[in-house]
Each structure stands twice: as C-alpha cells, then as structure tokens.
Amino acid sequence: MSAAREAWRLPATALAARVRAGELSVAEAVESGWEGPAAQWEAEVHAVAHADAAARAAGAAAAQRAPRPGPLQGVPVLVKDNLCTTDFPTTCASRVLAGYRPPYDATVIRRLRDAGAVVTGKGNMDEFAMGSSTEYSCYGPTRNPFDLERVPGGSSGGPAAAVAYGLCPLGLGSDTGGSVRQPAAFCGVFGLKPTYGRLSRYGLVAFGSSLDQVGIFARHAGDAAAAYAALAGPDPHDATTRLSPAPDVWRWEHGVRGLRFGWPANLWREGVEREVIEGLEEAAASLERAGAQRVPFDFLPGGYAVATYYLVATAEASSNLARFDGVRYGFRHADSPDVRALYTRTRSAGFGPEVQRRILLGTYALSAGYYDAYYLTAQRARTRIRREYQAAFMRCDLMMMPASPTLPFRLGEKTEDPLAMYLSDIFTIGANLAGIPGLTVPVGLAAGNGRPPLPRAVQLLGPDDSEPVLLAAGRALEVRGDEARLGREHETEFAWPTKQ
Amino acid sequence: MSISRDDVRKIAELARLEIAEDRIERMARELSAVLDYAASLGQLDLQGCEPTAFAPAEAPLREDGLDERRLTPEMALAAAPEAEQGFFLVPPIVENLNP
Amino acid sequence: MAYEAVIGLECHIQLNTRSKMFCGCPAEFGAAPNSNVCPVCLGLPGALPVTNRAAVDAAVRLGLALGCQIRSESVFARKHYFYPDMPKNYQITQYDRPLCEGGALPVRIGEETRAFELIRVHAEEDTGKSFHPERYGDRQVSRVDFNRAGVPLLELVTRPVFREPPECAAFLVALRRLVRWLGISDGDMEKGQLRCDANVSIRPVGDEAFGTKTELKNLNSIKGVEKGLTAEIARQHKVVGSGGTIEQATLLYDADHDKLAIMRSKEYAHDYRYFPEPDLPLLRVDAAWLATARERLPELPWARAERFVSRYGLPAYDAGILCDQRELADYYETMAARVDGKLASNWVMTEVLRVLKERDGSLADWSARVPAERLAGLLSRVASRELPGPLAKQVFGWMVDEPGDVDELLGRHEVKVRSSNEDLAPLVQAAIDENPGPVAQYLGGKTATLGFLVGQVMKKSGGQAVPQTVKELLEAELAKRSPAR
C-alpha cells in the first residue's frame, strides 16, 4: 500500500490528519519510517540509541485504542535518551546508566502520548548532553546524513539526524547551551528551544537545571508549532514551569509584515564561515521580502556567554550528576570493598572523559574559596547578559544570528580540544543564560567543493514567550517569504539528504 | 595555569572520581584553559548586576497531600544493582559519620 | 584557672505533615522498607522537587512563636556530601538566606525564666536510613531504606548561649513542649522526631573569646544530651588540665556505654559546596501568609502560664505544669471557667495527673472519659460544701470508670449525702447534749475543744458531712448558749 509506504514523507500534522481520517493505521504511520528511510540510513547514521519493535508496536496499539484521537495522532517521535520513558531504556548514552528503565514517563512524554503520538525509540546523544557533536556517546557517534564524514551536531544529534533522514517527522531533544538548535542547523531541520519554564523538565535527566529546556525537532515550522502546542504549559511536578498558559502559536495571524528583526552583524565579523553568512543574508532578504524590517545594531560578543555558561552549567552538572553512585540504579562497579570505593570506582568507570572533565570543573567552581570568583561571578555575568537581550528586544521583535559559526565539522575534528568544542556553541548559549526562546531555521544547502551539499541555517531569538513570532518567521523562511502563515505545510517540500 | 595537579586531586576526591596519575597533568591543563577563558568575565562591567540563580518563575507550592507517583517496593528496587527483602544493599559503610 | 563551658545546640525537628517536604509520599513512620518512596525522594534521574506548603507554614509558625524575623524571600540551597542514605548525594536545605533568623526560646530554669537566643530556623529534607554493616553470604553489606528520605525537618540553631548541660536539657524540654503545643511535630526523641547535635568548647571564666569547639552528635534523648555534654566537657577539662589543646573534632556519644568516640579529622573534612537550588524558585512568604499564621498561632505556653498566675492566682510552678501540654492547659481552663481556679488546679495537679500517670493514659483519652465539664461539676459540689472531700475523691474514682453525673454516681453507689443544715442540725444538737464537759470548756473560752465536737458530729454523719459546715453550725449553736451574749 503506497500511501502507507510514503507516510514517512508527510509532515506530522498531515500524517496525524490521515490517521484520524482512518486512511492510515497508527502502526502504519509509525512503521513507515522504519521500513523506508531507516532501512536505508540507520546503519550508517546511527541516530537511534534504543530501538525496540515490540515496544513501539505496544505504543502504537495504545494510541490506536485511545478513545479520542489527538492532534499528533499516530505521529512517531524519536526522543533523546535523556527523557524518561517507561517503555524504552533511558541511559543518557552513559555507561553509568547502562540498561536503566525508569518507572515513570517524563511529563513531556506523557503529553506526547496524550496527544496521540508514539515514542518510536530513543535518540543518540552526547553523554549526559555534554557535547556538541554526538561523538561522546557510549553507543558510538551519530553521523550527519548529509555527509557521513561529518557530525550531526550535538548533544541531541540522534533525533536531529533521524528527523532529517525521515525516520519520523518529529523529535525531542534537550537544549542546555544549544543542544537542539546547533544539531538542527547541522542536519537542516527546524529546532525550537522554548522559553525556560514552558516545557516541563520533570523526567528530563538534569544537566544544568537553570538552563535545560526540552526542545523540538521538525522538518516544518508548522510541525514544530503543533508539538509545542501539545507539550507546553505548567506542570505541578516542575516548580520552574511558568504558571500562566503557554502562548497560542496558532493564533499568530500577522505573518511577519512589520516585524522588526535585529541584525547584530558585529557578531559575525570574524570567526564565522562564509557559507553561514551567506545563509544569513539570504534569510534576511527573504524576511524583508515578506514585509519585515531589518534593524542593524551591535550586540555583546558571545565569548562572554561561553565563559559564563561553562561555569554555571558545569557547577549545576557536578551537583546533578552526584546521584549516579551505583546505589539505587544503573551501573555498579563490581569490585567495591566499601561504599567509598563503590562511589569512586562506579563513577570513574561509569562516566566518560568529557563528563568527568565537566564534573571536575563544576566541583572546582563551587568549592570553598573559589565560589565567589567563579560561580558567583558567572551568575552576575548572567544577569548582565539577560539585560543585554532585554535591551535588544526593546529595539526589535526578534534577532537573527547564526546557530553555529560553522557548517557541520568532521568527526574527530574537535574531540581533542575541549575549548574549541565549547566555542561551537558561541551563538546558542546566550538564549539559555537569558531563558529566552530560540528557533533554528534551515535555509537550504550550501554546495561545496569535493563534499556533499551541507545544510545552512539561521537562528532566531526572541523575548520570553515569543514562540508564536519565532515560528511565524520560521514559516516565512520555509516558504521563502511567500506566505508567512502556519498551517500550509503540505505545500512545501523538505530538502532531503541524498544517499551518497 | 589556574589549576594545579593538587587541585585536580582534591576536587576529584570531592567529586568521587579517580583520575589516573598519568591523566592528571592533562586534566589540569584542560581545566585551566577553560578557567583562563572564563577569566574574560573580568572585563565585563558587572556593576549593579545581582547574581541570577533562579528562573524568574512564580512560586507554586504543593498542598500537603499524597499523590499517585508513589512506587511499590518492587518498583523502587527494580533497577537496584543489589537488593534484598525490601532494602537496597551496598558495600559496608565504613564512614560511620553521616554529616 | 577556672574554666566554663560554652555550648550551642543544633536541633532537628521532624514535622508531622501528611506528605514529604518535596513530594507527595506519606511522611509516616514505621512503614515497610522502601514503600513510601517515589521518583523524587528516591533521587531518580529527572525527578524534581516541589515544596510542601504545610512544611513551610510549620516553619513560619515556629518562627513566629520564637520571635524570629521571617524573610519574605528565602532561598533553598543544595548541600553536597556523598552518603548512601542521601538519594541525590545532596540535601535540599537553606544556607545563606534562611526563612527565620534571630528569636529566642524562653525556658524556665528554677525560679527564673531565661530566653536562649537563636541564630536561625529553616526547613529542609531528612535523609533515608542506612544500617550497620552485617554479614551477607561471604561478605559484609549495609542495608538502605529511603522511607524517611525527604520527610520535612526544621533545623533550629542556637547561639552559643548555654554554660551548663542541664540548661541544654531544659531547653530541649521547652522546645519539645513548644513544637507539640504548635501541633507541628510529635517531638519524640526516641523516634528521632527531635534530634540534637551540640557544639562545645571551654574557656577561662571571664574570657570573651571562644575556645576551639568540638561537635557532639547522636544525642538522642534529653538525658543523653545532658550526659553526653557532661562527658565531653569533662574530657575537654582533662585535656586542658594536662597541658594539652583541644582539637577540632566531631564526636559520637554512645549513650548505652556513656562513651565518646572521636572521629579523625580527615573523616569529617567536608566542603559542602552550597549553591542555590536551581529546581526551586525563591521561597516567598508574603504579608498575607504571615498575618494568617499569626492569627492562627495559639497563646504560647509561657504567656499562658503567666496568665494562669495573674488571673487564677496559681503559683508559677503549678502554672508551668498545667502548661506542659496544650491539652492539659485547655482542660484546666475549661474547669477554671466553672469553678475556683485554685481548686481546679489542685485537683488537676493531684488527682488527674495521678490517675493519668497510674494508667499511663493520654490526655485525649482522659478528656473523652472525664471531660473538664464533668469534673467541674464535681468540684462545684465541693465548693458549695455539698460534698465532703473524701467523698468527692471517692466520686472522682467512680467517674473515671463509670458514666453519669455526680448524683447518678452517688445513687448508683447508694450513698446519701447528709450535708444540708437540716440534715445536720439533729446531729449537732445530739453532740452538744452528749458532751456537756467539752461544751462547758468551749463556752469558758477554750475554743480548741470545738475540733473535738466537730469530730463527734462527723462520726455521727458517717463521714458524709462537710467539716466546715459542721464547724459553722456548731459555732452558731454554741453561740446561742454563750453567757457573754
């Protein structure tokens, strides 16, 4: 049945509509991605950390049985391996959680299921979301479907790559310093990091608690909007969720006419690849064609945000990762004569080098005598950075900048130089520090010399709760400025990777 | 270098990590590189900037009731590396001081 | 050189809320191991805390009772150390911006009341329980139970205001009374609902500066606090007396053997790496919350005792006993509203407390059985001299086990009270007639013989007359025969 065979190509909203109309079963909608694109791509890309045909069949059956079909009825979603799921292992791609199955679903997983969606597997990631390339995984790296020699970005590289090659129309990741927006850019898909406190963190294994936010991957702006609408809103189990109802992304009727977008060109005067800047220019022109207005100004260089981030995030991580000790769950070092040895040996053997590096850094930043110089200074700098964004949004409705200073880099290119890896987040980290939403928007492929075409992307940042505006602008870019309304996704075709 | 080899040993002990002797030098260098980079914050004018430690959220408190998240002992112990008769088992606790 | 001890206490009060501090698990004591746990209090990956309003309210109430400053915005912090009964390997507590600061607890010591000053009171979560290593197959293991993990605690820290161990014991007794009075904790030290650590140092009398302090842990009873502190002070005196210096240390007190175990310094060298808990917003206690808490605050035990002294004319000691428990003070005051306050106090202090002690019963059971109104009914008959004391005590004895008011009890036990003037007049007349000698002596001015005559009438009444009434009747009758008149 070709309708079922081609279902994986559909946008999530269109797929859900067909399932609701009875044209497709939930199982067909879910399996289409596995039978077609995954069979072709997965062995090389390795986007999936945990696949389980029986578990997804059970998930599909549960969705099929639901008395009232939801807005994402039958839509398969690959979720990052740091979101707790009762039907798949949740290991954060770390040996320390080997085989761990949580007894509860994360709130966002619950809401996905309530909306009719089906968890189709767990996406590969950098261990505990620490990394920008999905190379630091205990399951081995994920590769970029556009060029298998290159990284998909990270830390949510698995779901990003899977959405790009067609396993599923939606993916969930987490974004602590750009871990959704940067891999979205590298894989040529939309990547939404919502306002801090809009998506529940309950059941998201914590990395940097004050920075973490669950994020959404999609091939179309409208699909990202649909996922946001299903997931966003207060959660009584997460005291950092905002109490007010989430903004209604569907009620954005205005398109981008009259929208002012900030253009902080000082940020890409150096250190940014030419193709990335060309993508920016094209996107800006496209928005202008749709009636938006460019507002140039200088903005605080991203280096300060990187410096701030690597103190705040590591301090919180050193604390959040203290619980992995071999007592209650996960890996335990077999040779532990006493409980002290249990801790040290379990943690030393269970955590990979990058995680250990960040735990040490964070422990140092919080330790007696250094707290004021490092952690406290960073928290004050964070206030300053927030104010910079607030000031900028007095002058514009959103800002445009790169999501990454480079196109996807090669595997192994940065693993030996932690600081260089950290600097690849230079454009994304600020939003996490400020708590504001950001959206990566793909803007076509950059043809190259002796390499396959690689995705280009821009990042849009807006003030708190500006998701409707960001998605509308994303939609405008998706259709090259022709029609800036959501809800017409069927008319656009995604720029698929081609098999090399 | 901001971090000495002794610092690395000390914080590793605090974090319950064991860094092999032949990795300590390199770790000290890598951590120092990040901290030296972080020193750039010294150039930022932080006059009047109170530390941000919290998401600017309203503060919902929980009413004092029981909820449905409670686990049975079997579920609580399901992922335990070792458990018996309702208890988690760990190697002997020799530090007899719980601070 | 004379030395004095300087002691500060750190007390932990387990709250009696229904649910835990940061999750909806039961906070009850005594469930099967690991049955009162959820992802939050087990420290599972991804779980997040949400603060229990009732626990914060308990802290606010205690803070108000102690006269603390209550911060409108306070901060939860993480305190890090690795221990198997700590699910997250950090404890959510408060650090540099606690909910309550300052304040004092008034404690009656002998004839005076002293206010012991506090540094702070804040809310935090309890740890689970780990057990001593035991044999398991061919090796040693420790067992861990997380039922207690996350149960709400208040931590209360005093200034170094104590000089003698008995002061510390008295402080704890007063603190236990207060938390029970406020209804926030059962305060049972045996069950770990009230725990105490102490910081102890000694210094030459007259010195301002403090000596090096040691930390004393495991003081698990009021007696243990006194004995443990006495032992540690004696140890410090001995060290200093033999020319040594006190080293900073943590000691465990073993009450069973009255022994101190000193931990080596490396074992307690901690760097807790406190930082503000990012999973919880600022804790806001606004003016409306404070006002409600203040309104709902009961009259405090020390204030109530003072009022009992001034209003009912009780001795301070008696007032203090009556205010040991809020239910007892309520019981007393219900009676004092109906009969003379001193009479009520005498009966509560002697009869009621005696029976409670004999029967090891609770005041609640007692109040159900002998409500204050019922006992007051008996006492009003005593006050009106309808019932003689011994008979009243007999009736009281029946009251404890039988239903019915005074008259029903008297009827059931076939006791006829002959206490009215009409009942007694013939008996008085007979006694006068039968004892001309003593009557003459009385009329001759030897008034002490009246007692003999009273005794004669009492005998004739079979103990059912009230001596004071008999005395008055005799005096009146004899006055008629007085030659002086």
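Residues numbered from 1 in each chain as written. Chains lettered and ligands numbered in written order. Predicted model: local features only at pLDDT ≥ 70, side-chain atom pairs only at ≥ 80, totals over all residues.

S.K.: Pulling in residues and values, what's your account of the environment of A:Leu199?
M.R.: Residues and elements named next belong to chain A. For Leu199, the position within the fold is in the loop between β5 (190-193) and β6 (214-218). For Leu199, a count of 32 C-beta atoms within 10 Å puts it in the buried group. As for Leu199 and Tyr228, which are separated by 29 residues in sequence, their C-alpha atoms are 8.3 Å apart. (Helix = DSSP H or I, 4+ residues; strand = E, 2+ residues; numbered from the N terminus. Buried ≥ 20, exposed ≤ 12 C-beta atoms within 10 Å, placed from the backbone.)

S.K.: Lay out the interface of chain B and chain C with the relevant residues and their values.
M.R.: It is common to give the size of an interface as the accessible area lost on bringing the parts into contact. Chain B puts 32 residues into the contact, and the matching count from chain C is 47 residues. Elements supplying a minimum of two residues to the side of chain B that touches chain C: α3 (73-77) and β2 (87-90) of chain B. Classifying every residue of the side of chain B that touches chain C by side-chain character gives 21 nonpolar, three polar and eight charged. Two strands pair when backbone bridges link them, and β2(B) and strand β11 (residues 139-145) of chain C are joined in this way by three bridges, in the antiparallel orientation. Paired with B:Val90 across the two strands is C:Ser142, which belongs to β11(C). (Contact = placed C-beta atoms within 7 Å. Nonpolar A, V, L, I, M, F, W, Y, C, P; charged D, E, K, R; others polar. Pairing = 2+ DSSP bridges.)

S.K.: Lay out the sheet that holds strand β10 (residues 438-446) of chain A in plain terms, naming residues and giving numbers.
M.R.: Within a sheet, adjacent strands bond to each other through the backbone by hydrogen bonds, running parallel or antiparallel. Residue and element names in this part refer to chain A. Sheet architecture is open: 11 strands sit in the order β1-β3-β2-β4-β6-β5-β10-β11-β9-β7-β8, paired in mixed fashion. Here the strands that pair on one side only, and so sit at the sheet edges, are β1 (48-50) and β8 (293-296). Strand-to-strand twist of the sheet, defined as the mean angle between neighbouring strand axes without regard to direction, takes the value 30 degrees. Of the strand pairs in this sheet, strand β4 (residues 170-174) and β6 are connected by five bridges, and their pairing is antiparallel. Residue pairing across strands places Gly173 opposite Gly215, the latter belonging to β6. On the sheet, helix α8 (residues 221-231) packs against β4, β5 and β6 and is oriented at approximately 145 degrees with respect to β6. (Axes fitted to C-alpha atoms, helices over the stretch in contact; angles between N-to-C directions.)

S.K.: Explain the environment of A:Ile426 residue by residue, including any values.
M.R.: Residue and element names in this part refer to chain A. Mapping Ile426 onto the fold places it in the loop between α14 (418-423) and α15 (429-434). Under the C-beta neighbour-count criterion, Ile426 is labelled buried, with 24 such atoms within 10 Å. Expressed as a C-alpha distance, the spacing of Ile426 and Gly178, which sit 248 residues apart in the sequence, is 8.8 Å. Aside from chain neighbours lying at most four places away, what touches Ile426 is Gly302, Gly303, Val306 and Pro405.

S.K.: Give me the lowdown on the pairing of β10(A), citing residues and values where you can.
M.R.: All names here are of chain A. With three bridges joining them, β5 and β10 adopt antiparallel strand pairing. Residue pairing in the sheet places Lys193 in a bridge with Gly438 of β10. Two elements, β10 and strand β11 (residues 454-461), share seven bridges in a ladder whose sense is antiparallel. Considered in β11, the bridge of Leu439 is made with Leu460.

S.K.: Give a description of the sheet that holds strand β17 (residues 275-276) of chain C that names residues and reports values.
M.R.: All names here are of chain C. Taken in spatial order, the three strands make up an open sheet running β5-β4-β17, and their pairing is antiparallel. Edge positions in the open sheet fall to β5 (90-94) and β17, since each of these has one partner strand only. Pairing of strand β4 (residues 76-80) with β17 involves two bridges; the strand directions are antiparallel. Residue pairing across strands places Ala77 opposite Pro276, the latter belonging to β17.

S.K.: I'd like to hear about the nonpolar core, residue by residue, with values.
M.R.: Of all hydrophobic cores here, the largest spans 282 residues; its most connected members are A:Val77, A:Leu360, A:Ala473 and C:Ala59. Take this core: its biggest share by element is 11 residues, from helix α10 (residues 303-320) of chain A. When neighbours within four sequence positions are excluded, A:Ala473 is seen to be in contact with A:Val256, A:Leu259, A:Leu287, A:Leu398 and A:Leu460. With 29 residues, the next largest nonpolar core counts C:Ala319, C:Cys323, C:Ala344 and C:Leu378 among its residues. (Core = buried A, V, L, I, M, F, W, Y, C linked by C-beta atoms within 7 Å.)

S.K.: Tell me about the interface of chain A and chain B, residues and numbers included.
M.R.: The interface is formed by 56 residues belonging to chain A together with 45 residues belonging to chain B. Those elements giving two or more residues to the side of chain A that touches chain B turn out to be α10, α11 (339-350), α12 (353-366), α13 (372-395) and α14 of chain A. The element best represented in the side of chain A that touches chain B is α13(A), accounting for 11 residues. The class makeup of the residues in the side of chain A that touches chain B is 27 nonpolar, 17 polar and 12 charged.

S.K.: Could you give an account of the packing of α8(A) against helix α16 (residues 467-478) of chain A, with specific residues and numbers?
M.R.: Residue and element names in this part refer to chain A. One can describe the packing of α8 onto α16 by two numbers: an axis separation of 8 Å at closest approach and a directional angle of 160 degrees. One way to sum up the angle between α8 and α16 is to call them roughly antiparallel. Seen from α8, the contacting residues are Ala221, Gly222, Ala224, Ala225 and Tyr228; seen from α16, they are Glu467, Leu471, Gly474, Arg475 and Glu478. (Parallel < 35°, antiparallel > 145°, perpendicular 65-115°, else oblique.)

S.K.: Outline the confidence of the model for chain C, supporting the account with residue identities and numerical values.
M.R.: Averaged over every residue, the pLDDT of chain C is 92; the share at 70 or more is 98%. Per the prediction output, this complex has pTM 0.93; the corresponding ipTM is 0.96. (pLDDT = per-residue confidence, 0-100.)

S.K.: An account of the pairing of strand β13 (residues 194-204) of chain C is requested, with residue identities and associated values reported.
M.R.: Residues and elements named next belong to chain C. As defined by bridge partners, strand β1 (residues 3-14) adjoins β13 across 11 bridges and the pair is classed as antiparallel. When the sheet's bridge partners are listed, Ala5 is paired in β13 with Ile202. Note that β13 and strand β14 (residues 214-219) share four bridges and pair antiparallel. By the bridge assignment for β14, Asn199 is matched with Glu215.

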